[in-house]
Amino acid sequence: MSTHETTSPSKRHKHPSPANHYYSYIASILLTMIAFLLVMYGGLDKTFLYGFLLFMALIQVTLQLAYWMHMKEKGHLFPIIGIIFGGIVALTAVAAAVFWMWW
Amino acid sequence: MSAHTHEADTLPLEPEKATLEGKNKVLGFWLFLGGEMVLFGTLFAAYIALRNQIPDGPTPQELFKLSTVAWATMILLTSSLTSVFAMMAMHRHDLKMMLIWLGVTVALGLGFLGLEIYEFYEYVHEGHGFTTNAFSTSFYTLVGFHGGHVAFGILWITLLIIQGTRKGLTVVTAPKFYVASLYWHFIDVVWVFIFTVVYLMGKVGP
C-alpha cells in the first residue's frame, strides 16, 4: 500500500516543539485574566476599554488559530482562504449591526 | 510481533493527512468552520444590535456574574489544551494517551456545560427569561448556540473515543480525531469572542 510507505519512525520531529502550545496556553490565560481584572476593578474609559478588550481577544484567537489549529504549518493556504471568506461575511454582519445601532 | 506494534511501525508520520480522503476531510472541515464563522457572526450581529433593548428585566450589569464566567473560560481554555495533547499523542502514535487526553477534554467540556446550565438557571430565576426582552432573546440564542456546539462536541468526541478503543489508530480513524480537535478549538475561539463581547463589554456598559 503506497499510503503506508511515507515514513520511517526515525523522522518524527517535523512537528513544531510542544513549547509553542504551552506558550499559547500561558498567553491565553494571561490575556483572559487581564481582561477580566480590567473590567472587575478598573474604572477605565469605556471607549478605550472596548478597544483594548477586542485587541486582546484578537491576539488570543490568532495564537490559537496559528499554533493549536496548526494554521502556521505548511499546506494551509485553502483553509486560510476559507476562514478569511467566513470572517469577511461575519465581520460584514457585525459591522452592519454596529453601524445600524450607533450611527 | 504483535498486531499493535506492527500497526505503529507502518502508520505514517501524520496519519490524518496520509491519504487523499483524509486531506479532503480536513480541508472540508475548514470550509465548514468558515460557514460556522458566518453563523456565529450573524448571531453576534443580532446580539450587538439588540443588547440595549431592555424595556423590562435585568440589565447586563445587574445580571452577569464575572466569577462564574471566568471559571467557565478557564475550563474551556484548558480543555482546548488537552485536545492539543491528544493530537500530540496521536502524532507519537500513542493511542492510549490520545484517548485519555480526549477523555479529559470531554470531562472539562461537561464541566463547562454544567456551569452554563447553572448560570442560565440563575438568570431565569432573576427574571431574565428567553422571551423577556430583545436583549435576553439574542443573549440566549448566541450563548445557547455556543453551548449547543459544546454539547454536540462532547457527544461526538465520546463516540470517537468508543470507536478508537475498537478500531485503533489507522489512516481511516486519524482524520476523525484530528477534525474533532479542530472543532473543539473552534468552540474555544468562539467563546473568546463571547466572553469579550457579551460578558465583559456587557459589564462595562453600553
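Conventions we followed
- Residues numbered from 1 in each chain as written.
- Chains lettered and ligands numbered in written order.
- Predicted model: local features only at pLDDT ≥ 70, side-chain atom pairs only at ≥ 80, totals over all residues.
- Heavy atoms only, no water.
- Axes fitted to C-alpha atoms, helices over the stretch in contact; angles between N-to-C directions.
- Helix = DSSP H or I, 4+ residues; strand = E, 2+ residues; numbered from the N terminus.
- Parallel < 35°, antiparallel > 145°, perpendicular 65-115°, else oblique.
- Left-handed = near helix turned anticlockwise from the far one by under 90°.
- Domains from an automatic or database assignment.
- UniProt positions renumbered as here; feature names shortened; annotations may be inferred.
- Core = buried A, V, L, I, M, F, W, Y, C linked by side-chain atoms within 4.5 Å.
- Buried < 20%, exposed > 50% of the residue type's maximum accessible area, 1.4 Å probe, protein only.
- Contact = heavy atoms within 4.5 Å.
- Buried area = accessible area lost by both parts, 1.4 Å probe.
- Salt bridge = Lys/Arg side-chain N within 4 Å of Asp/Glu carboxyl O.
- Polar contact = N/O pair within 3.5 Å; in protein donor to acceptor, adjacent residues only side chain to side chain.

Trainee: How should the packing of helix α6 (residues 134-167) of chain B against helix α7 (residues 174-204) of chain B be read in this particular structure?
Mentor: Helix packing for two helices is described by the angle between their axes and how far apart those axes are. All names here are of chain B. In the contact formed by α6 and α7, the axes pass within 10 Å of each other and the chain directions differ by 160°. Viewed along their axes, α6 and α7 adopt a mutual orientation that is roughly antiparallel. Viewed along their axes, α6 and α7 form a crossing whose handedness is left-handed.

Trainee: Explain the domain arrangement of chain A here, please?
Mentor: When the parts come together, some accessible area is lost, and that loss is often what is quoted as the size of the interface. Taken domain by domain, chain A comprises domain 1 (18-72) and domain 2 (75-103). Each of domain 1 of chain A and domain 2 of chain A was reduced to a C-alpha centroid, and the two centroids are 20 Å apart.

Trainee: How should the UniProt feature "transmembrane region" (unreviewed entry) in chain B be read in this particular structure?
Mentor: Residues and elements named next belong to chain B. Listed under "transmembrane region" (unreviewed entry) in the UniProt record, and renumbered for this structure, are residues 27-49, 69-87, 99-118, 138-162 and 182-202. What you have in residues 27-49 is 100% helix and 0% strand, and the ends, taken at the C-alpha atoms, are 33 Å apart. Between the first and last C-alpha atoms of residues 138-162 the distance is 36 Å; the span itself is 100% helix and 0% strand.

Trainee: I keep staring at the UniProt feature "transmembrane region" (unreviewed entry) in chain A and nothing clicks. Help me out?
Mentor: Residue and element names in this part refer to chain A. Under the UniProt annotation, "transmembrane region" (unreviewed entry) lies at residues 21-42, 48-68 and 80-102. Its end C-alpha atoms 30 Å apart, residues 48-68 is made of 100% helix and 0% strand. In the segment residues 80-102, helix accounts for 100% and strand for 0%; the C-alpha atoms at its two ends are 31 Å apart.

Trainee: Is there a simple way to explain the nonpolar core in this structure?
Mentor: The nonpolar side chains of soluble globular proteins are, as a tendency, buried together. Counting residues in each nonpolar core, the largest one holds 84 residues, and the members touching the most others are B:M98, B:F139, B:W191, B:V198 and B:Y199. Elements with a contribution of two residues or more to this core: α1 (19-41), α2 (46-68) and α3 (77-102) of chain A together with α2 (20-50), α4 (66-91), α5 (95-125), α6 and α7 of chain B. At 22 residues, α7(B) tops the list of elements feeding residues into this core. Apart from residues no more than four positions distant in its own chain, B:Y199 is found in contact with B:F64, B:L66, B:V69, B:E119, B:Y123, B:F139, B:V143, B:W191 and B:I194.

Trainee: I keep staring at the interface of chain A and chain B and nothing clicks. Help me out?
Mentor: Across the contact, 51 residues belong to chain A and 59 residues belong to chain B. Where chain A abuts chain B, roughly 4,900 Å² becomes buried across the two surfaces, and 78% of that area is made up of carbon and sulfur atoms. Of all residues in chain A, A:F36, A:Y50 and A:M69 bury the most surface against chain B, accounting for 14% of the area lost on that side. At the boundary of chain A with chain B, the tally comes to 0 salt bridges. At the boundary of chain A with chain B, the tally comes to 5 residue pairs in polar contact (both at pLDDT 80 or more). Those elements that provide at least two residues to the side of chain A that touches chain B are α1, α2 and α3 of chain A. Broken down by element, the side of chain A that touches chain B gets its largest block of residues, 15 residues, from α3(A).

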